Amino acid sequence: MNPAIQGLYFFTRFARSFSRLGYDKRARKWPKQIFDFSGQHWLVTGASGGIGRAIVHQAAACGAQVTAAARSSGKLEQLTAESEFPERIKAAQADLSLMSGIDELAAWLGSVGTPVDVLVNNVGVLLNDYATTAEGMEASFATNLLNHYRLTETLVADDMLDPNATVINMSSGGMYNAPLAVDSLNPGPERYDGVMAYARHKRAQVELTRYWNEAYGDRGMRFYVMHPGWVDTQGVKTSLPGFRKLFKSVLRSHQQGADTALWLAMNRPACEPNEGIWLDRERQTEHVFSHTRNPAHTAQDLVNYLDSF
Ligand SMILES: NC(=O)c1ccc[n+]([C@@H]2O[C@H](COP(=O)([O-])OP(=O)(O)OC[C@H]3O[C@@H](n4cnc5c(N)ncnc54)[C@H](OP(=O)(O)O)[C@@H]3O)[C@@H](O)[C@H]2O)c1
């Protein structure tokens, strides 16, 4: 499909649903439910700002002990200071774009020794300009996908994920625009397009979620992939200023973006092979464009590729 027509279709179809209007409409039907996460240990990545920060505050307010992982120690200090329950939040300073950062975080969690009941793979960036990490990886690929995989697999291998753990992968509706294309996940600077790179990573998260449910579901773990809707965060402000200007009046609050993650962790709905992507407590379709339905690569190809690092 012509990219301009696809873009127009995307915004026409989803502007209402992904904005605050969609949230408000669906939320009117939700029964009242009190979330209780007492006795649980949560690990939230990208925890010091935006949606991650809202998840940390709400999980802690509902009784969880939360390990909050993010890069800036100043922002992590602020996160704890702002909480009504600072004793329930443990800051873990880590650069999650680095494989070494993941390994240090996992080693530290292992030394603390409390298995993780709920893992929220939330950290994600849309980088308009090509950038590499100190380890030589394209930075958005490393942050959005490779290191979600590395963290989750390491926690499973080290028995640091509780056998009944809930894992929530924070994807995006942007993934509708891209098929699974393993050979385009980590392009060089000459082929780099930040928006498409982000869409491909977010599509890959959907496939990874299905793969994990098949690989580890029989142990009792449940994996979900969700879209928070369009949320007015610093990430959107920095990466999509034109989009933000256009939709500012209907962007969601951080709490609204966080809601489905908390609901999934509380309710743990059964996972199905064609899981779909969760938005506002509902399963939504994984595909809206025909060109994403029959990709050249499989989830196993994706996993083999991620393992190669
Ligand atoms: N906002 C939306 O409308 C929207 C829509 C769809 C999907 N999402 C997804 O939702 C997730 C959260 O988005 P957001 O808008 O809340 O993001 P955000 O406002 O940009 O916040 C990102 C958080 O991640 C941390 N972070 C960034 N790079 C990091 C790194 N290398 N290592 C450790 N921490 C890092 C930041 O902390 P430091 O500054 O301390 O590093 C910050 O706490 C992302 O996966 C995003 O793709 C968001």
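For the structure itself, consult the block above.
This structure is a prediction, so every number in the text was calculated from the model and none was measured. (Residues numbered from 1 in each chain as written. Predicted model: local features only at pLDDT ≥ 70, side-chain atom pairs only at ≥ 80, totals over all residues. Heavy atoms only, no water.)

A. Highlighting helix H2 (residues 20-27). Listed in full, the buried residues belonging to H2 are Gly22, Tyr23 and Arg26. Buried residues in H2, looked at end-on, bunch into an arc of 100 degrees, giving them a common side. Packed against the buried residues of H2 are helix H1 (3-18), helix H10 (254-267), strand E7 (277-279) and strand E8 (282-284). (Buried < 20%, exposed > 50% of the residue type's maximum accessible area, 1.4 Å probe, protein only. Helix = DSSP H or I, 4+ residues; strand = E, 2+ residues; numbered from the N terminus. Arc of directions from axis to C-beta. Contact = heavy atoms within 4.5 Å.)

B. Representation of the packing of aromatic side chains within the structure. Inspection of the entire model under this criterion finds 25 aromatic pairs. Centroid distance tyrosine 224 to tryptophan 278: 6.3 Å. Interplanar angle 80 degrees. Geometry classified as edge-to-face. Of this pair, tyrosine 224 sits in strand E6 (residues 222-226) while tryptophan 278 sits in strand E7; the two residues are 54 residues apart in sequence, bridging distant segments of the chain. In this structure tyrosine 224 comes out as buried when scored by relative accessible area, which is 0%. Classification of tryptophan 278 by relative accessible area gives buried; the value is 4%. With a centroid separation of 5.1 Å and 90 degrees between ring planes, the pair formed by tyrosine 305 and phenylalanine 309 is classed as edge-to-face. Residue classification places tyrosine 305 among the partly exposed residues on the basis of a relative accessible area of 24%. Site record: aromatic cluster; members linked through ring pairs are Phe10, Phe11, Phe14, Phe18, Tyr176, Trp230, Phe243 and Phe247. When the ring centre of tryptophan 30 is taken as origin, the NZ or CZ atom of arginine 281, which lies over that ring, is 3.9 Å away. (Phe/Tyr/Trp six-rings, centres within 6.5 Å; stacked < 30°, edge-to-face > 60°. Lys NZ or Arg CZ within 6 Å of the ring centre and 35° of its normal.)

C. The pattern of salt bridges, seen in detail. On inspection of all chains with the given rule, the structure shows eleven salt bridges. The residue glutamate 282 makes a salt bridge to arginine 26 at a minimum N-O spacing of 3.8 Å. With glutamate 282 in strand E8 and arginine 26 in helix H2, the pair connects residues that are 256 residues apart, well separated along the chain. A salt bridge links arginine 244 to aspartate 232; its shortest N-O distance comes to 2.7 Å. One end of the pair, arginine 244, is in helix H9 (residues 241-247); the other, aspartate 232, is in the loop between E6 and helix H8 (234-239), with twelve residues separating them in the sequence. With respect to class, arginine 244 is no different from aspartate 232; both count as buried. (Salt bridge = Lys/Arg side-chain N within 4 Å of Asp/Glu carboxyl O.)

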